[in-house]
There are 2 protein chains.
Amino acid sequence: MESRPLSYFVAVAEELNFARAAERLGISPPPLSRAIRRLETDLGVTLFERTTHSVTLTPAGTVLLTEARIALDALRAAGRRAQRAASPEPKLVLAVKADGDAGLLEPILTRHASSDPAAAPVAVRLCAWHEQPRLLRQGEADAALVHEPFDRTGLDSEALVAEPRVVALAATHPLAGKDHVALADLGLRPGDVHRFIDETRGRGHDLAQLLTLVGLGDVTPLFPVSVADRYPRPGVVYRPVTDAPPAVLAIAWPQQSRSTDVAALVRAAMSVAEAGQG
Amino acid sequence: MESRPLSYFVAVAEELNFARAAERLGISPPPLSRAIRRLETDLGVTLFERTTHSVTLTPAGTVLLTEARIALDALRAAGRRAQRAASPEPKLVLAVKADGDAGLLEPILTRHASSDPAAAPVAVRLCAWHEQPRLLRQGEADAALVHEPFDRTGLDSEALVAEPRVVALAATHPLAGKDHVALADLGLRPGDVHRFIDETRGRGHDLAQLLTLVGLGDVTPLFPVSVADRYPRPGVVYRPVTDAPPAVLAIAWPQQSRSTDVAALVRAAMSVAEAGQG
DNA sequence: CCACGTTACGCATTTCGTAACTATG
DNA sequence: CATAGTTACGAAATGCGTAACGTGG
């Protein structure tokens, strides 16, 4: 099993269109078509049902897509980790979504550094929403602070803290007058919360953009209370959402990690979280 | 990052000798040498310190070896799992070392089949000592019954049962007269037990060979008591080893598995184990 | 009939093997 | 000085692109 045909396959499976996939890969359609066909004959498995005007994945193709992503991530991770191991000062990289640390980032770093004089130096890598699992899987980070739920494939994690959620409202919003809000007031059922959060995130590139939209009354996103504490903004009010599931912040790391440095950082994070809870 | 140069790297890293590695790969030394050198320049990292008469891994090379094995296993697994998904009757494959199931195999299969009329059919794959983790990681099996300790990289597991250990002795062995034996009688300390078990396993290709050697007084291997129960043999006696750590049998499966079929099989195994304990 | 995947054919790049070279223990 | 890794060069194989084809919506 070669990696390049597999990456070609992933492109086609994601686009479900040979021409677009070829463009994305920087090659022309014919070699792509042949590579897929050869992959199919080598495996002895049909991966796509194709007519001239539609390309769909077979069940086997669906399986291969998930597995191929895992394998290709692992391949990238191998290279990255080797490079990082050779870098002059091998650091631990901790991926954090900006302001998605519930205020724990600084205490964790302090605790980690003070716990052991020989503790590995930690570099913080700020990243976008939902980017942490990919960074871990592709070997660009050693650990990450991430809100549940996230894709645990290939990762281990420990929950750190659970924060109440608040809703951000325009000051002129009808609900802004209330002390606290219920999901039903927002037209949400408990099962819809995580989907709703994903959707509202997509509305702005960062928190500032999103809060601007809030001020305009275009959106009413849910946040962990720690975000509200740090981002007061004229024209925007935060109200507790009493029955929303809490925002659980966890620390995650590659499941196969054997690094004692990662273990030390995780320990520091858990001890900070316990202290905070108590 | 391509897969073939990486597999070349693994061969060299394992052999620490370009000529032998080339032979193992079925190519000649020159292209191998160049492939490694190109890998190094592409990564910008030195992987081997080499003189004409010695090849050693650098720290970065050591990291890459671990990571490369994971990635290449994942690559093989992708192909295998796609093939299995396309096979006419998608079965669950359960890897078991012959007679390494503590008598749980048949009850587990029965429980699984009877728990749900729609339960996936299970095919048992018999394998050699310590082969199960590889089969799981390379996608040739979906779950495995395996004795701890084993390499958990990329795997999840649940312990099922802990069995007392016995030592197999020639009937003429001085210790054969005793009712039970202590590790010290065998010249072992508790920390040495697992290493000792690995060594003694290497002495024979299967249980029959090993018991022949026992009869000759050449070796005194440790077994879970379930093995002793099933393999009475003239000239060989089994004696409990009171202070040996128990043989813990676990069920393991790929960590990234999302299959409900695997989950059902694991549940069946755990429920059989609990019933047996009670 | 138009769009899109496929086949046909020739070219470029990569990869391999044999032979000669070099450096270390 | 012998062994093992490397360089040199020609050959085979693999992969790619342009052009032409077929088929289904």
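Preceding this paragraph is the structure being described.
Along every chain, residues carry numbers that run from 1 in the direction the sequence is written. The order in which chains are written sets their letters, starting at A; the order in which ligands are written sets their numbers, starting at 1. Selection of residues for local features in this predicted model requires a pLDDT of at least 70, selection of side-chain atom pairs for listing and counting requires 80 or more, and totals for whole chains, interfaces and linings are taken over all residues. To obtain the side-chain values, all non-hydrogen atoms of the structure were used and water was disregarded.

### Comments concerning the overall build of chain A
Threshold: Only DSSP runs of H or I with at least four residues qualify as helices, and only runs of E with at least two residues qualify as strands; both kinds are numbered from the N terminus onward. Pairs of residues are marked as contacts when any of their non-hydrogen atoms sit within 4.5 Å. All accessible areas in this document rest on Shrake-Rupley with a 1.4 Å probe, and a residue is counted as covered only by the protein chains that are shown. Positive residues here are Lys and Arg, negative ones are Asp and Glu, while His and the chain termini are left out of the count. Each charge is placed at NZ for Lys, CZ for Arg, CG for Asp and CD for Glu.
A tally of helices and strands in chain A yields 10 helices and 10 strands. Dimensions of chain A, computed from the C-alpha atoms along their principal axes, are close to 65 × 55 × 25 Å. Partitioning the intrachain contacts of chain A with sequence separation of at least 6 by distance along the chain shows that 71% fall at a separation of at least 24. Element-wise, carbon and sulfur atoms account for 54% of the exposed surface of chain A, whose accessible area totals about 13,400 Å². Averaging the locations of the 30 positively and 33 negatively charged side chains of chain A gives two centres separated by 5 Å.

### Focus on the protein's contact with DNA strand C
Worth spelling out the cut-off: Only a single heavy atom is needed: when it lies within 4 Å of a molecule or strand, its residue is near that molecule or strand. Following the grouping adopted for this structure description, the nonpolar residues are Ala, Val, Leu, Ile, Met, Phe, Trp, Tyr, Cys and Pro, the charged ones are Asp, Glu, Lys and Arg, and the polar ones are all others, Gly among them.
Residues in close proximity to DNA strand C total 23 residues, the closest being Ser 33 and Arg 50 of chain A together with Tyr 8, Ser 28 and Thr 52 of chain B. For DNA strand C, the backbone makes up 66% of the atoms found within 4 Å of the protein, where backbone means sugar plus phosphate. Residue assignment for the surface near DNA strand C shows that the elements contributing at least two residues are α2 (18–25) and α3 (29–43) of chain A together with α1 (3–15) and α3 (29–43) of chain B. When the residues that make up the surface near DNA strand C are grouped by side-chain class, the tally is eight nonpolar, nine polar and six charged.

### Looking at the sheet that holds strand β6 (residues 155–163) of chain B
All names here are of chain B. The line we're drawing: The pairing criterion for strands is at least two bridges between them, as found by DSSP. With axes taken as lines fitted to C-alpha atoms, and helix axes fitted only over the stretch in contact, angles between N-to-C directions fall between 0 and 180 degrees.
If you walk across this open sheet you meet the five strands as β4-β3-β5-β10-β6, and the pairing is mixed. This sheet does not close on itself; its edge strands, each paired only once, are β4 (122–127) and β6. Going from strand to strand, the sheet's axes swing by 25° on average, the running direction of each strand aside. Pairing of β6 with strand β10 (residues 247–254) involves eight bridges; the strand directions are antiparallel. Following the sheet pairing, Val 161 is matched in β10 by Leu 249.

### Some details on the packing of helix α5 (residues 105–115) of chain A against helix α10 (residues 260–277) of chain A
Residues and elements named next belong to chain A. Selection criterion: The labels follow the angle: roughly parallel below 35 degrees, roughly antiparallel above 145, roughly perpendicular from 65 to 115, and oblique for the rest. The hand of a helix crossing depends on one turn: near helix anticlockwise from the far one by less than a right angle means left-handed, and clockwise means right-handed.
The geometry of α5 relative to α10 is characterised by a closest axis approach of 8 Å and an angle of 125° between their N-to-C directions. Judged by the angle between their axes, α5 and α10 are oblique. Relative to α10, the crossing made by α5 is right-handed. Counted together, Pro 107, Ile 108, Arg 111 and His 112 of α5 and Asp 261, Ala 264, Leu 265, Ala 268, Ala 269, Ser 271, Val 272 and Ala 275 of α10 form the full contact between these two elements. Partitioning the contact of α5 with α10 into residue classes produces eight nonpolar, two polar and two charged.

### Some remarks on the packing of aromatic side chains
Heads up, the rule is: For this analysis, a ring pair means two rings from Phe, Tyr or Trp (six-membered ring only for Trp) whose centres lie within 6.5 Å, classed as stacked if their planes differ by under 30 degrees, edge-to-face if by over 60, and tilted for the remaining angles. Note on classification: 1.4 Å probe, protein chains only; a residue is buried when its accessible area is under 20% of the maximum for its type, exposed when over 50%, partly exposed between these limits. Here, a charge over a ring is recorded when the distance from Lys NZ or Arg CZ to the ring centre is within 6 Å and its angle to the ring normal is within 35 degrees.
Within the structure shown, the criterion is met by four aromatic pairs over all chains. Geometrically, the ring pair formed by Phe 9 of chain B and Phe 48 of chain B is tilted, given 5.4 Å between the ring centres and 40° between the ring planes. Of the two residues, Phe 9 of chain B sits in helix α1 while Phe 48 of chain B sits in strand β1 (residues 48–51), which places them 39 residues apart along the sequence. Of the two residues, Phe 9 of chain B and Phe 48 of chain B, both sit in the buried class. With a centroid separation of 6.2 Å and an interplanar angle of 65°, the aromatic rings of Phe 18 of chain B and Phe 48 of chain B are classed as edge-to-face. Placement of the pair is Phe 18 of chain B in helix α2 (residues 18–25) and Phe 48 of chain B in strand β1, with a sequence separation of 30 residues. Note on Phe 48 of chain B: relative accessible area 2%, which makes it buried. Members of the aromatic cluster, each reached through a chain of ring pairs, are Phe 9, Phe 18 and Phe 48 of chain A. Cation over ring: Arg 152 of chain A sits above Phe 150 of chain A, and NZ or CZ is 4.6 Å from the ring centre.

### Description of the environment of Val 262 of chain B
All names here are of chain B. With respect to the secondary-structure elements, Val 262 resides in helix α10 (residues 260–277). Judged by relative accessible area, which is 5%, Val 262 ranks as buried. With 64 residues separating them along the chain, Val 262 and Asp 198 place their C-alpha atoms 29 Å apart. In this view, Val 262 contacts Leu 92, Asp 142, Trp 253 and Ser 257; residues no more than four positions away in its chain are not counted.

### What about the nonpolar core?
The condition is simple: Joining through side-chain atoms within 4.5 Å is the link that ties buried Ala, Val, Leu, Ile, Met, Phe, Trp, Tyr and Cys residues into a set, and such a set is a nonpolar core.
In terms of nonpolar packing, the biggest core is built from 58 residues, with Phe 9 and Leu 64 of chain A together with Phe 9 and Leu 64 of chain B touching the most fellow members. Apart from the residues lying within four places of it in its own chain, the contact partners of Leu 64 of chain A are Leu 6, Phe 9, Leu 39, Leu 43 and Leu 47 of chain A together with Ala 78, Gly 79 and Ala 82 of chain B.

### Quick look at the interface of chain A and chain B
Which entries qualify depends on this criterion: Accessible-area loss on putting two parts together, using a 1.4 Å probe and summing over both, is the definition of buried area adopted here. By salt bridge we mean one thing: a side-chain nitrogen of Lys or Arg within 4 Å of a carboxyl oxygen of Asp or Glu. Here a polar contact means two N or O atoms within 3.5 Å. Within protein one must be a hydrogen donor candidate and the other an acceptor candidate, and residues neighboring in sequence count only if both atoms are side-chain atoms.
Tallying the contact residues gives 33 residues for chain A and 32 residues for chain B. Between chain A and chain B, a total of about 2,700 Å² is buried, with carbon and sulfur atoms accounting for 64% of that surface. Considering only the surface of chain A that becomes buried against chain B, Glu 67, Leu 75 and Gln 255 of chain A emerge as the three largest contributors, covering 19% of it. At the boundary of chain A with chain B, the tally comes to four salt bridges. Put simply, Arg 258 of chain A and Asp 151 of chain B hold a salt bridge, and the shortest N to O gap is 2.8 Å. At the junction of chain A and chain B, the tally comes to 15 residue pairs in polar contact (both at pLDDT 80 or more). Mapped onto the side of chain A that touches chain B, the elements with two or more residues apiece are α1 (3–15), α3, α4 (59–86) and β6 (155–163) of chain A. Among the elements that line the side of chain A that touches chain B, the one with the most residues is α4 of chain A, at 16 residues.

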